[in-house]
Amino acid sequence: TEFVMTIEAVVVVGLGNIANRHRKNIRRLYPSAKVTAVSASGRIPGEPIMFSDSVVAHLEDVDDEIFDLAIVASPSSLHAQHSIQLIAKGIPTIIEKPIASNLDDATSILASIEKYGTRVAIGYCLRFLPSIAILREILSRGGIGEILSINLEAGQYLPDWRPSKDFEKCVSANKALGGGALLELSHELDYFNWLFGDLKVEYARLRSSNELNLDVEDTVDIYGFSSINDASVSIHLDFIQRQPRRKCSVVGSFGAMDLDLIKNELSLSVDGKEEIVFSDPYWDKNNMYVDFLREFTDGNGDDQKLTSAEEAMIVVRLIELIKSKFITTNY
């Protein structure tokens, strides 16, 4: 049965970059919808908040409003506080990734979803990158044979993420707000689980460098195996490399694939022959967010690309396991 929502009123919690992107996309898809922006901190800045009809300091200030859609784009340490209020009202809710900054909050959100039966998805939009979809299709038909090893890498210099802002004050850099490479780059953990089954960690190394002097890890190396096919796995995440990299390499029993997520390009090697099976480097990455929104509001019922709260909770559980088992070191 097709699921279609009528969008006349939307509330977006948070006033940062990602919240701004969501409000802009709402305007694009649903130009007549009323958009209410809510400050995550309780402070309203002096400058106008773009793509909104009204701005309020607290979610409680809009209690009497009826919304067709809510987007929680506050710091992950506040996700439970904000999303549970909306879920309890039965408002279909998108929660930005990660679902929460800790397992207790994630468990509370999941319990609320189960109690009220509210439609919820977590904003892991990389599942909507075309090159990943093609890689998944090739994997599903055994295009490179039995999977033997998997390598994921994501890195970009944190001060370059949002050049107009002090990186030391951003969510990514602050432990109290749910920062650190594991939570901020958890896209990689989500799409790994989506493509290859649960990641089983054997060893991890978390480091905090003198390069940035943060109170969170800026470099993570994870080694383990995939629960589905026992393939060897290595994952590298960091905030410190100057040239952005985001790649996934898969080696199979009779072939291999190399995915460049920044270039949106996938190459396939089989029987000694390598070919680029997909390349669209100029594809607008904002389409991932737009397609995510469309799938959530006008989905066809299977929602296979949307990350459920249960799936997102697996990622948080994995992150907590890594943090509890392996101590962050300075270097």
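Refer to the structure presented above.
Conventions and cut-offs
- Residues numbered from 1 in each chain as written.
- Predicted model: local features only at pLDDT ≥ 70, side-chain atom pairs only at ≥ 80, totals over all residues.
- Heavy atoms only, no water.
- Helix = DSSP H or I, 4+ residues; strand = E, 2+ residues; numbered from the N terminus.
- Buried < 20%, exposed > 50% of the residue type's maximum accessible area, 1.4 Å probe, protein only.
- Contact = heavy atoms within 4.5 Å.
- Axes fitted to C-alpha atoms, helices over the stretch in contact; angles between N-to-C directions.
- Parallel < 35°, antiparallel > 145°, perpendicular 65-115°, else oblique.
- Left-handed = near helix turned anticlockwise from the far one by under 90°.
- Nonpolar A, V, L, I, M, F, W, Y, C, P; charged D, E, K, R; others polar.
- Core = buried A, V, L, I, M, F, W, Y, C linked by side-chain atoms within 4.5 Å.

Draft legend 1. The arrangement of the side chain of N193 in detail. As for its position among the elements, N193 is in helix α6 (residues 187-196). Of the residues examined, N193 reaches a relative accessible area of 15% and is grouped as buried. Ignoring any residue separated from it by four or fewer positions in sequence, one finds N193 in contact with D198, L199, I314 and V315.

Draft legend 2. How the structure looks around the packing of helix α3 (residues 103-116) against helix α8 (residues 309-325). Interhelical geometry of α3 versus α8 gives an angle of 165° and a closest axis separation of 9 Å. Considering the angle they form, α3 stands roughly antiparallel to α8. At the point where α3 passes α8, the crossing takes the left-handed sense. Residues L103, A106, T107, L110 and I113 of α3 touch α8, and the partners they reach there are A309, E310, M313, V316, R317 and E320. When grouped by side-chain class, the residues that make up the contact of α3 with α8 number seven nonpolar, one polar and three charged.

Draft legend 3. Seen up close, the nonpolar core. L69, L139, I150, L182, L189, L199 and I222 are the most contacted members of the largest nonpolar core, which has 89 residues in total. When residues of this core are assigned to their parent elements, the largest contribution, eight residues, is made by α8. Excluding its chain neighbours within four sequence positions, the residues that come into contact with I150 are F192, F196, S226, A231, S232, V233, S234, S249 and V250. The next biggest cluster of nonpolar side chains, apart from the first, holds twelve residues, and it includes V11, V62, V72 and L86.

Draft legend 4. Geometry of unusual backbone geometry. Omega for the peptide link from K97 to P98 comes to -15°, which places this bond in the cis form. The residue P98 is located in the loop between β5 (93-96) and α3 in this model. In the Ramachandran plot, F51 falls in the positive-phi region, its phi being about 60° despite a non-glycine side chain. Here F51 shows up in the loop between β2 (34-38) and β3 (54-56). Looking at F51, the relative accessible area reads 24%, which means it is partly exposed.

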